[in-house]
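A closer look at the structure
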Amino acid sequence: TFEEESNNTDHLETRPPVVTIMGHVDHGKTTLLDHLRHSHITAGEAGGITQAIGAYQLKHQGKTITFLDTPGHAAFTEMRARGADITDITVLVVAADDGVMPQTIEAIHHAQAAKTPIIVAVNKIDKPGANPNHVMEQLTEYGLIPEDWGGDTIFVQISAKFGKNIDELLDMILLQSEVMELKANPQQNAAGSVIEAKLDQGKGSVATLLIQQGTMHTGDPIVVGNTFGRVRTMENERGKEIKKALPSTPVEITGLSDVPEAGDRFVVFDDEKTARAAGEERAKNALMEERRTKNTVTLDNLFDTMKEGEMKEVDVIIKADVQG
Ligand code: GDP
């Protein structure tokens, strides 16, 4: 299971931090992500940037950082609700001319609920109306207190648009991740979570996965949520085909029998037969669960249900309940 693979503590090695950028609309998340993507790619890769998948890695001071390009708060909430806390560090972007806004607060609550440390990036400090001190004051109300004021939250004043202090922000991310001692075992079967998935006309089911444990190889038999398959192809975020991927790496894979959901867990199995059996078992359970929750039949409403001619459906439910 995912839990077993995640709790495996042999051969632990340092892994890159997984970072999500959050904040109120228009405070500069996209600008920051774009700046990072374009300024921190290694030579030779520049032409290949397609931002094929909703996550990417960059190198800073010789160390890798994984950024999740969250399609929005809704998806993030969904993932969290389903138990897939895949973010190690949240970068909270707050515009210095606008201050704390509703989605800023929402983002703080998400991060605090998931127990991920927050690094505050006070953005747009180039603007005439910028008031970083006011932002810092506002945030103390939410427990985010700068080190200078006796707290332990890291604040960096940046301009995403003009690329100011971005290296400092990356330094702070690496510092925070060192403190957290993030580790994974690259020698075990891969396990992780689905970032997004879709049905592609030509390729079939295409899923973006974040590898959280182990190393994934092409050809690996895999169970993802309620579906299973074999990793037919694997690409990195630049659309380049790769054969293996280490912990904290986002990859796009094909070869699944169905389209999983964002937040679904995945686990690689030793052989395809076991993967298939586990996948089918999960699909069956999910179907049962869906029926159970959708048609709760009690003695009170059994008669009504029968009158509506849904006897067959009721039959299934009763049997399922008796069995287990
Ligand atoms: P998002 O909704 O949080 O992704 O915000 P965007 O990245 O789309 O930025 C919203 C607007 O703010 C855009 O017009 C950006 O050009 C502008 N913006 C972002 N960062 C900065 C900055 O550091 N300085 C200034 N002056 N404008 C910025």
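Up top you'll find the structure we're talking about.
Since we're looking at a predicted model, the values are computed, not measured.

**Observations regarding the side chain of serine 248**
Following the sequence through the fold, serine 248 ends up in the loop between strand E14 (244-245) and strand E15 (250-256). Within the structure, the side chain of serine 248 is placed 3.3 Å from the side chain of arginine 15, a separation counted as a polar contact. Apart from residues no more than four positions distant in its own chain, serine 248 is found in contact with Arg15, Pro16, Val18, Gln57, Thr66, Leu210 and Ile211.

**Section: the side chain of asparagine 236**
Note on placement: asparagine 236 falls in the loop between strand E13 (227-235) and E14. Of note is the side chain of asparagine 236, whose polar atom sits 2.9 Å from the backbone nitrogen of arginine 238.

**Overview of the nonpolar core**
Of all hydrophobic cores here, the largest spans 23 residues; its most connected members are Leu32, Leu36, Phe67, Val91, Leu169 and Ile173. Where this core is concerned, the elements lending two or more residues are strand E2 (18-23), helix H2 (29-39), strand E3 (55-60), strand E4 (63-68), strand E5 (89-95), strand E6 (118-123), strand E7 (154-157) and helix H6 (166-180). Not counting chain neighbours up to four residues away, the residues in contact with isoleucine 173 comprise Pro17, Val19, Ile65, Phe67, Ile89, Val91 and Ile119. Listed in part, the 17 residues of the second largest apolar core include Val194, Ala207, Met234 and Phe266.

**Re the environment of glutamate 261**
By the secondary structure assignment, glutamate 261 is in the loop between E15 and strand E16 (265-268). Considered as a pair, glutamate 261 and glycine 28 are 233 residues apart in the sequence and their alpha carbons are 28 Å apart.

**Some thoughts on the site of the ligand**
In the vicinity of the ligand lie 15 residues, with Asp26, Lys29, Thr30, Thr31 and Asp126 positioned nearest. Between an oxygen atom of the ligand and a main-chain N or O atom of glycine 28, the distance comes to 3.0 Å. For the ligand, an oxygen atom lies 3.0 Å from a polar atom in the side chain of lysine 124. Relative to its unbound accessible surface of 580 Å², the ligand loses 75% to contact with the protein. Broken down by element, the residue count for the shell around the ligand peaks at three residues, all from H2.

**Points about the environment of proline 128**
In this fold, proline 128 is placed in the loop between E6 and helix H5 (132-140). Taking the relative accessible area as the measure of exposure, proline 128 reaches 85% and is therefore exposed.

**A few points about the pairing of E4**
Burial analysis of E4 places five of its six residues in the buried class, the great majority of the element. For E2 and E4, the ladder comprises three bridges, and the chain directions are parallel. When the bridges of E4 are listed, valine 18 appears paired with threonine 66. Two strands pair when backbone bridges link them, and E3 and E4 are joined in this way by six bridges, in the antiparallel orientation. Considered in E4, the bridge of lysine 59 is made with threonine 64. In sequence, E3 turns back onto E4 through a hairpin of two residues, with glutamine 61 there showing a positive phi of about 50°.

What counts, and where the lines are drawn
Residues numbered from 1 in each chain as written. Predicted model: local features only at pLDDT ≥ 70, side-chain atom pairs only at ≥ 80, totals over all residues. Heavy atoms only, no water. Helix = DSSP H or I, 4+ residues; strand = E, 2+ residues; numbered from the N terminus. Polar contact = N/O pair within 3.5 Å; in protein donor to acceptor, adjacent residues only side chain to side chain. Contact = heavy atoms within 4.5 Å. Core = buried A, V, L, I, M, F, W, Y, C linked by side-chain atoms within 4.5 Å. Buried < 20%, exposed > 50% of the residue type's maximum accessible area, 1.4 Å probe, protein only. Near = heavy atom within 4 Å. Areas by Shrake-Rupley, 256 points an atom, 1.4 Å probe, with all protein chains shown as cover. Pairing = 2+ DSSP bridges.

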